[in-house]
Amino acid sequence: MSEADEGTHVTNDGYHETAPQRLKRVRDEIVSAANAVKRSPADVELIAVSKTFDGEAIKPVLAAGQRVFGENRVQEAERKWPALKAEFPDVELHLIGPLQSNKAKEAVTLFDVIHTIDREKIARAIADEIAKQQRTLKLFVQVNTGEEPQKAGIMPREAKAFVALCRTELKLPIIGLMCIPPVDEEPAVHFAFLAKLARETDLHCLSMGMSSDFDAAIAFGATHVRVGSAIFGTR
Ligand SMILES: *Cc1c(COP(=O)(O)O)cnc(C)c1O
């Protein structure tokens, strides 16, 4: 079994650190980042992003008390999470990756929160499934703040009309906005932009910040940070 499989890795000074130890460090950093801007740490939800890691790697993090997890593929989550959810029924599962409408049924069955509502077709498919399955979900609209052609997310100029469509016509439970800043740009600019857009659309949740920048995201008002490698190790 490799070190990654055991959820340990070697730090700069040569010590093995386990996923639960890294989880604790991330939790401490969230508290510091919130305190630094006089926000309550309780207003920042840590989503542990477990994509590419199997059940054996996830279990120690569950055992350490983490209950909120993120996955970016519906099929991968379907393979891993039903068994883990049977053991830990209070898990809250977040879909943070792009969604195809032919996976809407499975997504609504398995996930509690979807962060990637970004076009009318997917919004309608999710609305239909929520009605059919009578499930209570929470949803975020993903905004392509960097206007990157290859990236998912509604374009900023269309965001307000799209949020209105989701809420008013489709009656979707939209709670906030989500973004993934371009890798080569200062993320703070994107966090500030998303926060402004949320104020203008009267949305209270902001899903932004990953392993490398969750402290900055918290400074700009993130209510949900999506942290993978800082907890589980490199993928
Ligand atoms: C993988 C992923 C993350 C976590 O990234 P890390 O850099 O490993 O923390 C966050 N958000 C999304 C959408 C992802 O796909």
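This one's a predicted model, so the numbers in the text were calculated from it and none came from an experiment. (Residues numbered from 1 in each chain as written. Predicted model: local features only at pLDDT ≥ 70, side-chain atom pairs only at ≥ 80, totals over all residues. Heavy atoms only, no water.)

**Section: the packing of helix α2 (residues 55-63) against helix α3 (residues 74-87)**
As a packed pair, α2 and α3 sit with axes 11 Å apart at the nearest point and diverge in direction by 30°. Classed by the angle they form, the pair α2 and α3 counts as roughly parallel. Crossing of α2 against α3: the hand is right-handed. Touching Gly 55, Ile 58, Lys 59 and Leu 62 of α2 are Lys 80, Trp 81, Leu 84 and Glu 87, all from α3. Taken together, the residues that form the contact of α2 with α3 break down as 4 nonpolar, 1 polar and 3 charged. (Axes fitted to C-alpha atoms, helices over the stretch in contact; angles between N-to-C directions. Helix = DSSP H or I, 4+ residues; strand = E, 2+ residues; numbered from the N terminus. Parallel < 35°, antiparallel > 145°, perpendicular 65-115°, else oblique. Left-handed = near helix turned anticlockwise from the far one by under 90°. Contact = heavy atoms within 4.5 Å. Nonpolar A, V, L, I, M, F, W, Y, C, P; charged D, E, K, R; others polar.)

**Focus on the confidence of the model for the chain**
For the chain, per-residue confidence averages 94 on the pLDDT scale, and 94% of positions sit at 70 or higher. When the criterion is pLDDT under 50, residues 1-6 qualifies, and its contacts beyond four places in sequence or with other chains add up to 4 contacts. (pLDDT = per-residue confidence, 0-100.)

**Quick notes on the site of the ligand**
Around the ligand, a shell composed of Val 49, Lys 51, Ile 96, Ile 180, Met 210, Ser 211, Arg 226, Val 227, Gly 228, Ser 229 and Arg 235 is seen. Between the ligand and Lys 51 there is a distance of 2.7 Å, counted from an oxygen atom to a side-chain nitrogen or oxygen. At 2.8 Å, a backbone N or O of Ser 229 approaches an oxygen atom of the ligand. Within the complex, the protein chains bury 89% of what would otherwise be the 390 Å² of accessible surface of the ligand. (Near = heavy atom within 4 Å. Polar contact = N/O pair within 3.5 Å; in protein donor to acceptor, adjacent residues only side chain to side chain. Areas by Shrake-Rupley, 256 points an atom, 1.4 Å probe, with all protein chains shown as cover.)

**Looking at the packing of aromatic side chains**
Under the counting rule described, the total for this entry stands at 2 aromatic pairs. Ring plane angle 25° and centroid distance 5.2 Å describe the contact between Phe 53 and Phe 232, whose orientation is recorded as stacked. With Phe 53 in the loop between β3 (45-49) and α2 and Phe 232 in helix α9 (residues 229-232), this pair connects stretches of sequence that are 179 residues apart. In this structure, Phe 53 and Phe 232 share a single accessibility class: buried. (Phe/Tyr/Trp six-rings, centres within 6.5 Å; stacked < 30°, edge-to-face > 60°. Buried < 20%, exposed > 50% of the residue type's maximum accessible area, 1.4 Å probe, protein only.)

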